[in-house]
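Observations on chain architecture
Chain residues, written in single-letter form:
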Amino acid sequence: MRAIGFNPLTSLVFAVLVNGALSYATLSIYIHNIHKSKHCSDSGVYDTEGRYTPVNIENMFSKYACKVPNKLTFGEIWNKTEGNREMYDLFGWIAAKVEWGLLYVLAKDEEGMLPKEAVRRCFDGSLFEYYAKINNDGQGKRS
């Protein structure tokens, strides 16, 4: 988190939350077990075996991006997480809100919207490298 420009305190909090949440189902974070961390009420971009299905990103934006076709407002993200809720899945409800809230804080643009490309980078694993490169190029700090 420090490499992408967050301050030390924010980085520590994110590190504890992310590692704690991901290790909940696997006890340790192992890539071959990462599919066990999939929770109900999620976006469906990964299937139950951990396979990436990018068409679900397109489906998500076509359904929830109302103001701008390739961007989500915070309200639209909230509606998306509400639309994916499964009954009696309190952990999944909270996890989805926290995950999407963190992504919004990290990747929103100057207009306060979350671009589709940032969501795609999050799911394909290139988002943090992208922001680390931007931060190393001296384009500012995050809070």
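Before reading further, recall that the structure is shown in the block above.
Residues numbered from 1 in each chain as written. Predicted model: local features only at pLDDT ≥ 70, side-chain atom pairs only at ≥ 80, totals over all residues. Heavy atoms only, no water.

1. Overview of the pattern of salt bridges
Within this structure, the stated rule accounts for nine salt bridges. Its salt-bridge partner being E117, residue R120 comes within 3.6 Å of it at the nearest N-O pair. Of this pair, R120 and E117 both sit in helix α5 (residues 116-124), three residues apart, roughly one helical turn. In this structure E117 comes out as partly exposed when scored by relative accessible area, which is 41%. Salt-bridge contacts for E117 lead to R121; the nearest nitrogen and oxygen are separated by 3.4 Å. (Salt bridge = Lys/Arg side-chain N within 4 Å of Asp/Glu carboxyl O. Helix = DSSP H or I, 4+ residues; strand = E, 2+ residues; numbered from the N terminus. Buried < 20%, exposed > 50% of the residue type's maximum accessible area, 1.4 Å probe, protein only.)

2. Considering the packing of helix α4 (residues 90-107) against α5
α5 packs onto α4 with a crossing angle of 120° between their chain directions and a minimal axis gap of 11 Å. Compared by their axis directions, α4 and α5 come out oblique. In the packing of α4 onto α5, the handedness of the crossing is right-handed. Residues W100, L103 and A107 of α4 form the contact with α5, whose participating residues are A118, V119, C122 and F123. For the contact of α4 with α5, the residue count by class is seven nonpolar, no polar and no charged. (Axes fitted to C-alpha atoms, helices over the stretch in contact; angles between N-to-C directions. Parallel < 35°, antiparallel > 145°, perpendicular 65-115°, else oblique. Left-handed = near helix turned anticlockwise from the far one by under 90°. Contact = heavy atoms within 4.5 Å. Nonpolar A, V, L, I, M, F, W, Y, C, P; charged D, E, K, R; others polar.)

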